[in-house]
Amino acid sequence: MGKHLFDSCGDNINIEKNANFGNGMGIVIGNNSGLGINCKVRGPLTIGDDVMMGPDVMIFLSNHQTSRTDIPMRGQGSTSRKRVIIEDDVWIGARVIILPGVKIGKGSIIGAGAVVTKDVPQYSVVAGNPAKIIKSRL
């Protein structure tokens with residue numbers, strides 16, 4: 001079914017209960033990867049091979065415009081969408097929030113509840129709000 005929904009879909013993917021991915025446009029998902037329970041994701045999003053996603057993960061691609069102070073923020077529209085890239089062999093813990101334009105490097109672990117605001121180097125373990133590197137897996 002994923003091959004009909006997503007722009008590209010690998011083999012042996014797992015889509016958990018209540019995963020919310022809109023119409024699937026702009027989403028690329030690799031082999032042996034999954035969307036967690038109650039996750040909310042949209043494209044443009046690239047998920048590599050062997051990516052594990054815990055429950056309630058949210059991946060955002062745009063934000064509210066806030067540059068003007070003469071009109072309410074709700075009337076300023078949204079920023080342009082920025083692709084999120086999750087490389088191979090990444091574990092994303094429960095209730096992680098990933099913000100627009102972030103790249104999560106191969107072999108990384110994102111601790112439960114982290115808010116990822118910046119790119120994560122390969123084989124890093126990050127946690128917290130905002131997420132910070134707590135150790136390297138190398």
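**Section: the nonpolar core**
Logical step 1: Judged by nonpolar contacts, the single largest core of 29 residues is most densely connected at Leu-35, Ile-59, Ile-86, Ile-92, Ile-98 and Ile-110.
Logical step 2: Contributions of two or more residues to this core are made by β3 (27-29), β5 (45-47) and β8 (84-86).

**Focus on the pairing of strand β14 (residues 124-127)**
Logical step 1: Bridge count between strand β12 (residues 109-110) and β14: 2 bridges; the pairing is parallel. Across the sheet, the residue bridging to Ile-109 is Val-125, located in β14.
Logical step 2: When β14 meets strand β15 (residues 132-136), the two strands line up antiparallel, connected through 4 bridges. Paired with Ser-124 across the bridge in β15 is Ser-136.

**Some points on the sheet that holds β3**
Logical step 1: Pairing in this open sheet of 5 strands is parallel, and the strands run β1-β3-β5-β8-β11 from one edge to the other. The open sheet is flanked by β1 (8-9) and β11 (103-104), the only strands paired with a single partner.
Logical step 2: Sheet analysis places β8 next to β11, joined by 2 bridges and oriented parallel. Bridge pairing links Ile-85 to Lys-103 in β11.

Reading guide: rules and limits
Residues numbered from 1 in each chain as written. Predicted model: local features only at pLDDT ≥ 70, side-chain atom pairs only at ≥ 80, totals over all residues. Heavy atoms only, no water. Core = buried A, V, L, I, M, F, W, Y, C linked by side-chain atoms within 4.5 Å. Buried < 20%, exposed > 50% of the residue type's maximum accessible area, 1.4 Å probe, protein only. Helix = DSSP H or I, 4+ residues; strand = E, 2+ residues; numbered from the N terminus. Pairing = 2+ DSSP bridges.

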